[in-house]
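Commentary on secondary and tertiary structure
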Amino acid sequence: MKKEILSWIGCFAVAILAALFIVTFIGQRVQVDGHSMEDTLQDRDNLICDKLSYRFSEPERFDVVVIYPTDEKKDRWIKRIIGLPGEEVRIDEDGNIYINGEILEEDYGKEVLTDPGLAAQPIQLGEDEYWVMGDNRNHSSDSRVIGPVPKDRILGKAFIRIYPFSKFGLIKHK
């Protein structure tokens with residue numbers, strides 16, 4: 001009887017350690033909170049965040065990422081990468097986004113951007129900084145409010161939507 005109890009405790013301990021390893025280093029469930037990523041993602045969508053890929057490669061433009069908006073790493077936001085390290089980002093009064101002086105060709109914005117925020121003046125990104133924005137630009141708190149996001153505040157890449165089940169599938173990045 002004692003051996004069987006110890007066996008169960010051992011299996012339970014291994015399962016807990018495996019779950020902790022996965023959540024810490026590989027993937028984590030996150031929930032969309034708000035409307036800033038519409039039409040790509042909806043409020044209350046549940047996603048799996050891939051925490052592993054950015055250990056081996058750099059984030060790319062248009063990746064949908066989970067970030068910490070502050071150094072406290074308490075809250076999590078889901079945004080799209082617009083500007084990469086070393087680039088200059090500016091948004092004009094017509095809502096055009098410029099990367100290094102060239103208009104960004106994209107189709108993720110839900111409507112014409114009305115508030116350039118911090119990017120009304122050119123912003124030069126540092127060597128490990130990214131410019132992130134929500135797809136629903138006029139209803140998003142993003143880099144226009146918090147400024148550039150250092151790489152160490154990127155939790156990972158939004159990988160797959162797991163809920164609602166009717167929208168189950170991979171997240172469109174490009």
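Here goes a summary of the coordinates provided. (Residues numbered from 1 in each chain as written. Predicted model: local features only at pLDDT ≥ 70, side-chain atom pairs only at ≥ 80, totals over all residues. Heavy atoms only, no water.)

**Section: the overall build of the protein chain**
Just so we agree on the cut-off: Here a helix means four or more residues in a row that DSSP labels H or I, a strand means two or more in a row labelled E, and each is numbered from the N terminus. Each residue's exposure class comes from its accessible area (1.4 Å probe, protein chains only) as a fraction of the maximum for that residue type: buried when under 20%, exposed when over 50%, partly exposed otherwise. The criterion used for residue contact is that any of the two residues' heavy atoms lie within 4.5 Å. Areas reported as accessible are Shrake-Rupley estimates using a 1.4 Å probe. Residue values count occlusion only from the protein chains shown. Counting rule for charge: Lys and Arg are taken as positive, Asp and Glu as negative, and neither His nor the chain ends is counted. To locate a charge, take NZ of a lysine, CZ of an arginine, CG of an aspartate or CD of a glutamate.
Each helix and strand in the protein chain was counted, giving two helices and twelve strands. Counted from the first residue to the last, the protein chain has its helices and strands arranged as α-β-β-β-β-β-β-β-β-β-α-β-β-β. C-alpha atoms of the protein chain, sized along the principal axes, occupy 75 × 35 × 25 Å. Counting the 174 residues in the protein chain, one finds 41% classified as buried. Contacts in the protein chain between residues far apart in sequence, at least 24 positions, make up 62% of those at least 6 positions apart. Accessible surface, the protein chain as shown: approximately 10,200 Å² in total, 56% of it carbon and sulfur. Averaged over its 23 positive side-chain charges, the protein chain has a centre that lies 10 Å from the centre of its 30 negative ones.

**Here's the deal with a nonpolar patch on the surface**
Selection criterion: To count toward a patch, a residue needs a relative accessible area over 30% and no salt bridge; like charges are then connected within 9 Å, while nonpolar side chains (Val, Leu, Ile, Met, Phe, Trp, Tyr) are connected within 5 Å. Whenever Lys or Arg places a side-chain nitrogen within 4 Å of a carboxyl oxygen from Asp or Glu, that contact is recorded as a salt bridge.
A grouping of Met1, Ile5, Leu6 and Ile9 is seen on the molecular surface, where their side chains present a nonpolar patch of about 480 Å² in accessible area. Relative to the helices and strands, Met1 is located in the segment before α1 (2-26).

**A closer look at the nonpolar core**
Let me state the cut-off plainly: Here, the term nonpolar core denotes a set of buried Ala, Val, Leu, Ile, Met, Phe, Trp, Tyr and Cys residues that are joined through side-chain atoms within 4.5 Å.
Formed by 14 residues in total, the largest nonpolar core has its most connected members in Ile82, Ile91, Ile97, Ile99, Leu104, Trp131 and Met133. Of all the elements in the fold, those that place two or more residues in this core are β5 (88-91), β6 (97-99) and β9 (129-133). Cys49, Tyr68, Ile78 and Ile171 belong to the second largest nonpolar core, which has 13 residues in total.

**Observations concerning a negative patch on the surface**
On the surface, a cluster of negative charge is contributed by Asp33, Asp43, Glu72 and Asp75. Relative to the helices and strands, Asp75 resides in the loop between β3 (64-67) and β4 (77-83). Here Asp75 falls in the partly exposed class, since its relative accessible area comes to 45%.

**Re the sheet that holds strand β8 (residues 123-124)**
Going by this rule: The criterion for strand pairing is that DSSP finds at least two bridges linking the strands in question.
Pairing in this open sheet of four strands is antiparallel, and the strands run β7-β6-β5-β8 from one edge to the other. Both outer strands of the open sheet, β7 (102-103) and β8, are each paired with one neighbouring strand and no more. With two bridges joining them, β6 and β7 adopt antiparallel strand pairing. Bridge pairing in β7 places Ile99 opposite Glu102.

**What to know about the packing of aromatic side chains**
Inclusion rule: Geometry of aromatic contacts follows a simple scheme: Phe, Tyr and Trp rings, the Trp one being its six-membered ring, pair when their centres are within 6.5 Å, and the pair is stacked under 30 degrees between planes, edge-to-face over 60, tilted otherwise.
Evaluated as defined, the whole model comprises one aromatic pair. Ring geometry for Tyr163 and Phe165: centres 5.2 Å apart, planes at 90°, overall edge-to-face. On the basis of relative accessibility, which here comes to 43%, the residue Tyr163 falls in the partly exposed class.

**Looking at the pattern of salt bridges**
One pass over the full model with this rule turns up eight salt bridges. Ionic pairing is found between Arg153 and Asp71, a salt bridge with its closest N-O pair at 3.5 Å. Taken together, the residues Arg153 in the loop between β10 (149-150) and β11 (154-163) and Asp71 in the loop between β3 and β4 connect sequence positions 82 residues apart. Residue Asp135 pairs with Arg80 through a salt bridge whose shortest N-O separation is 2.8 Å. Separated by 55 residues along the polypeptide, Asp135 in the loop between β9 and α2 (143-146) and Arg80 in strand β4 bring together distant segments of the chain. Across the pair, Arg80 and Asp135 agree in class, each one buried.

**Observations regarding the environment of Pro116**
Mapped onto the elements of the fold, Pro116 is located in the loop between β7 and β8. For the pair Pro116 and Val66, spaced 50 residues apart in sequence, the C-alpha to C-alpha distance is 22 Å. When sequence neighbours within four positions are dropped, the list of residues in contact with Pro116 reads Ile91 and Arg144.

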